[in-house]
Amino acid sequence: MSTRVIALLSSTLSLFLGGCQPMSSISGCDPDSEDFTHARELTGEQVTTFAQRWGVEDPAMISCDQLCRSSYNDQRGWEATTVEASCEMQLETDMSGAVTSATISCAGEGIEYYCEGRRPLGHVELVADARAGTIALADHLVTCAHLEQASVVAFSELAALLTSWGAPARLAARCQAAAVEESRHAARISELARRAGATNEPPAPTQTPAPRSLEDVARHNATEGCVWETWAALRASWTAARAEDPALRAAYAEIAAEEAGHAQLAWDLHAWLIDQLTPAARDRVLAAQRDALARLPAIARVQAARLPGALGQLDAARSAAMARHLADGLARAA
């Protein structure tokens, strides 16, 4: 990569802290991630759980839109950005009026939601709170600490794979150092979560078996590292500058500097990994990266609507514009 990632992150942050919202030449800035149709039978207990997430005291009063969003998120793990008006549900109740079962049939648009850190291959996502609107700060920080723990696994595994492939020792060493830093991030964010009122510890990361060929790792790094981790580094810098709580700003100032280094590492790894691939494999990896860059503004738009304001308010349109600017710069330099 001809342009240093850290310099691009710094210039993007400075531009948007100043209030500018530049246009981007990247096509498909806000692509739909998924058009979904969703049909499901639910137990009374599931309906009650979903109603509680929305703050609806009587499960029989949950709306079709709310039930669709919660059920889709529970089953798919993605966020429903829109639900069509054709949504249909049927609730069955007992003599006391308690919901015993339900059926839901709906359609809409959904998008995958990203938080902090680099996920390892085969990472199993937590089931997110499907409630619309902002996530509570404590809950958000618990999820982020979980993902920081997952990043420890990701960098440790990556260091071992690079060593086995005969990669330059400095790359493996930088991955090992990044794993140590991510462990420190997880501990720091866990502390912030407790300070914000969290009563549960971050769940330990889990994985399913996943292919680990050189092409698989190159594709994963090209998207998870070069795109999502770079965006996470920029978001961390924004929080360091704009968070309401001085403790959040101080913690994220340290985290952001190290995450920017991890973003640069991802692009340095990308340069080495791409050179090891066949032309056909290289084309597949680069196509996946272009797709991730094109999707980034849409991810950022949904993310802004969900993130706690305490992290530094950034509205959906401005978040998407900042992501477009970053993606444009990465695409030009890739």
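Residues numbered from 1 in each chain as written. Predicted model: local features only at pLDDT ≥ 70, side-chain atom pairs only at ≥ 80, totals over all residues. Heavy atoms only, no water.

Student: Account for the nonpolar core, naming residues and giving values.
Tutor: Ranked by size, the top nonpolar core spans 31 residues in total, and within it L9, W231, L234, L296, M322 and L326 carry the most contacts. Within the residue set of this core, elements represented by two or more residues are α1 (5-17), α6 (214-242), α7 (246-275), α8 (279-306) and α9 (316-333). The residues contacting W231, other than those within four sequence positions of it, are L296, A300, Q303, S319, M322, A323 and L326. F155, L161, L171 and A179 belong to the second-largest nonpolar core, a separate cluster that totals 23 residues. (Core = buried A, V, L, I, M, F, W, Y, C linked by side-chain atoms within 4.5 Å. Buried < 20%, exposed > 50% of the residue type's maximum accessible area, 1.4 Å probe, protein only. Helix = DSSP H or I, 4+ residues; strand = E, 2+ residues; numbered from the N terminus. Contact = heavy atoms within 4.5 Å.)

Student: Account for the packing of α1 against α7, with residues named and values stated.
Tutor: Contact geometry of α1 with α7 gives a least axis separation of 8 Å together with a crossing angle of 130 degrees. If you check the angle between α1 and α7, you find them oblique. Residues V5, I6 and L9 of α1 touch α7, and the partners they reach there are A260, G261, A263, Q264 and W267. (Axes fitted to C-alpha atoms, helices over the stretch in contact; angles between N-to-C directions. Parallel < 35°, antiparallel > 145°, perpendicular 65-115°, else oblique.)

Student: Outline the environment of A98, listing residues and values.
Tutor: Mapped onto the elements of the fold, A98 is located in the loop between β3 (88-93) and β4 (99-111). Judged by its relative accessible area of 34%, A98 falls in the partly exposed class. Between the C-alpha atom of A98 and that of T48, which follows or precedes it by 50 residues, the distance is 9.3 Å. Excluding residues within four positions of it along the chain, A98 makes contact with E92 and T93.

Student: How would you sum up the side chain of T239? Please name residues and give values.
Tutor: Within the element layout of this structure, T239 appears in helix α6. The residues touching T239, leaving out its near neighbours within four places in the chain, are R249, Y252 and L311.

Student: Can you break down the state of the cysteines residue by residue, with the values?
Tutor: A full pass over the atoms with the stated rule returns 2 disulfides. Each disulfide pairs two cysteine sulfurs, and for C64 the partner residue is C87, the sulfurs being separated by 1.9 Å. Judged by the torsion about the S-S bond (-90 degrees), the C64/C87 disulfide is left-handed. Of this pair, C64 sits in helix α3 (residues 64-76) while C87 sits in the loop between β2 (79-83) and β3, and the two are 23 residues apart along the sequence. Considered together, C64 and C87 belong to a single accessibility category, that of buried residues. Covalent S-S linkage joins C68 and C106, the inter-sulfur distance amounting to 2.1 Å. Linking C68 and C106, the disulfide has an S-S dihedral of approximately 85 degrees and is accordingly described as right-handed. In this pair, C68 sits in helix α3 while C106 sits in strand β4, placing the two residues 38 residues apart along the sequence. (Disulfide = S-S within 2.5 Å.)

Read these as geometric descriptors, not functional statements.
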